[in-house]
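Observations on the three-dimensional arrangement
Each chain, letter by letter, is given below.
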Amino acid sequence: MMWMWRTLIRADMIKGLEDERDEWKERAKCLEAQLDELRKNRVRLETPWGVDDSALFNQAKKDQLLQDLDNLVPPQQCLNLNILVTGIIGSGKSSLVNTFKTVLRNSGEITNIATTYGQYMDSTTLKLHEILLKDYPGGKKLRLYDCRGICDNAGDIQHDIISVIKGHVQNGYEFQGNQNIGQNNQLYRANPTFDQKIHCVIFVVDAKSIDEIHVDDMKKLAQIRKHIGSENIPLRLILTKVDELDLYSDGDLSSVFRSRHAKLKFEAAKVKFALQDNQVRPIANYVTGPNQNLAQDILALITVKSIVEEALVYIGNNT
Ligand SMILES: Nc1nc2c(ncn2[C@@H]2O[C@H](COP(=O)(O)OP(=O)(O)OP(=O)(O)O)[C@@H](O)[C@H]2O)c(=O)[nH]1
Ligand SMILES: [Mg+2]
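Treat the numbers as computed from the prediction; the structure is a model and nothing was measured.

**So, the sheet that holds strand β4 (residues 200-206)**
Within the open sheet, the six strands sit side by side as β2-β3-β1-β4-β5-β6. Their pairing is mixed. Each having just a single partner strand, β2 (129-136) and β6 (280-282) make up the two edges of the open sheet. Along the sheet, successive strands turn relative to each other by an average axial angle of 25°, direction set aside. One ladder, built from three bridges, connects strand β5 (residues 235-240) with β6; its direction is parallel. Residue pairing in the sheet places Ile 238 in a bridge with Arg 281 of β6.

Take a look at the structure:
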């Protein structure tokens, strides 16, 4: 009797150890795959993705971009050029606003005009926040609109965002989460003019977590996308936090277009949002340090330029 128990216990132990061994083998396989990915990321891409970077990161290019932006003036018939910044909570929308303002002001110092995320806080931005990005001659203005991030707590915020795009929502409106703006709201604008509407929409996506966007959030973004598609309003997707990707060259941002890891995120964004190459742009927002630097400036400036040009085409076609 005793020997039978012993045999059973031994068989049980062997089975347990075999299971454990299989688990370790599986984990080792995963780690090997991760290591392989990291090794591949260490190799500089022969051909850049996105843009030709051969003469991109230098002072002359930055000066040229600033000059180009000065020359892009809103047309006679439209007083304002309005850009909406939207996306999932914490994706870097307000930091993007600060970055754009910083590079256009170009004083050397980073601005904090939009409050950014603090640890242990819910969505930092709760109200529609209008930011003057640039003044043009004749009182014309380039304006950014920062808004509350898409998340569970923000409810069906996509309807409010669509109202913002249509020009119905005035600066300072607080996104409620459990209800959308009604016509009785003091900040509801019943009959917006064309220069109170949005002329280009930016989807902000954290490059690192592009593959982890929740299906509910994707559905909300899809509804906004459907609306802007039906109105032919231009869309740009900005991949933030590319400085946190594996840039193979110890984080040197000017290597971003030669980084395999960044390219993978760029491709994933294009597929996920069904976009073309020129609609997806990488950015490293100004979130630390007091001063500007060339690579961050250039990435931001080529993005602003592309957004403004696209908005101007839209305005030209609709006025
Ligand atoms: N490293 C790095 N961190 C970033 C970047 N952009 C934003 N962050 C950080 O990401 C966090 C969220 O940034 P916010 O700009 O507040 O994001 P948001 O989308 O406005 O957030 P909500 O208004 O709460 O929806 C902050 O801790 C920022 O410092 C970036 O490009 N690089
Ligand atoms: Mg914010």
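Read on, since the account is not over.
**Some remarks on the nonpolar core**
Judged by nonpolar contacts, the single largest core of 90 residues is most densely connected at Phe 100, Leu 239 and Phe 273. At 13 residues, the largest contribution of residues to this core is made by helix α7 (residues 294-318). Leaving out residues up to four positions away in the same chain, Leu 239 has contacts with Val 205, Ala 207, Ile 210, Lys 265, Phe 266, Ala 269, Val 280, Arg 281, Pro 282 and Ile 283.

**Description of the pairing of β4**
By the criterion of burial, β4 is predominantly enclosed, with seven of the seven residues buried. Side chains Cys 200, Ile 202, Val 204 and Asp 206 of β4 all project onto a buried face; the interleaved residues Val 201, Phe 203 and Val 205 project onto the opposite face, where all are buried too. Bridge analysis of strand β1 (residues 80-87) against β4 gives five bridges, and the strand direction is parallel. Bridge pairing links Thr 86 to Phe 203 in β4. Sheet topology places β4 next to β5; six bridges connect them, and they run parallel. Looking across to β5, one finds that Asp 206 is bridged to Thr 240. Each parallel crossover has a hand, and the one from β4 via helix α5 (residues 215-230) to β5 is right-handed.

**Concerning unusual backbone geometry**
For residues that are not glycine, phi is negative in most cases, and the peptide bond is trans in most cases. Although it is not a glycine, Lys 241 adopts a positive phi angle of roughly 60°. Along the chain, Lys 241 turns up in the loop between β5 and α6 (260-273). A relative accessible area of 23% places Lys 241 in the partly exposed class.

**Overview of the packing of helix α2 (residues 59-71) against α7**
At their nearest, the axes of α2 and α7 sit 10 Å apart, and the two run at 30° to each other. Overall, the two elements α2 and α7 adopt an arrangement that is roughly parallel. In this structure, α2 crosses over α7, and the sense of that crossing is left-handed. Facing Gln 59, Lys 61, Lys 62, Leu 65, Leu 66, Asp 68 and Leu 69 of α2, the residues of α7 in contact are Leu 294, Asp 297, Ile 298, Leu 301, Ile 302, Val 304, Lys 305 and Val 308.

**Some details on the pattern of salt bridges**
Evaluation of the coordinates by the stated rule reveals 19 salt bridges. For Arg 21, the salt bridge goes to Asp 22, with nearest N and O atoms at 3.4 Å. A relative accessible area of 43% places Arg 21 in the partly exposed class. In this structure Asp 22 comes out as partly exposed when scored by relative accessible area, which is 38%. In this structure, Asp 246 engages Arg 42 in a salt bridge whose closest nitrogen and oxygen atoms are separated by 2.4 Å. Placement of Asp 246 in the loop between β5 and α6 and of Arg 42 in the loop between α1 (2-41) and α2 is noted, with a sequence separation of 204 residues between them.

How each quantity is defined
Residues numbered from 1 in each chain as written. Chains lettered and ligands numbered in written order. Predicted model: local features only at pLDDT ≥ 70, side-chain atom pairs only at ≥ 80, totals over all residues. Heavy atoms only, no water. Pairing = 2+ DSSP bridges. Helix = DSSP H or I, 4+ residues; strand = E, 2+ residues; numbered from the N terminus. Axes fitted to C-alpha atoms, helices over the stretch in contact; angles between N-to-C directions. Core = buried A, V, L, I, M, F, W, Y, C linked by side-chain atoms within 4.5 Å. Buried < 20%, exposed > 50% of the residue type's maximum accessible area, 1.4 Å probe, protein only. Contact = heavy atoms within 4.5 Å. Right-handed = clockwise from strand over helix to strand, strands pointing away. Parallel < 35°, antiparallel > 145°, perpendicular 65-115°, else oblique. Left-handed = near helix turned anticlockwise from the far one by under 90°. Salt bridge = Lys/Arg side-chain N within 4 Å of Asp/Glu carboxyl O.

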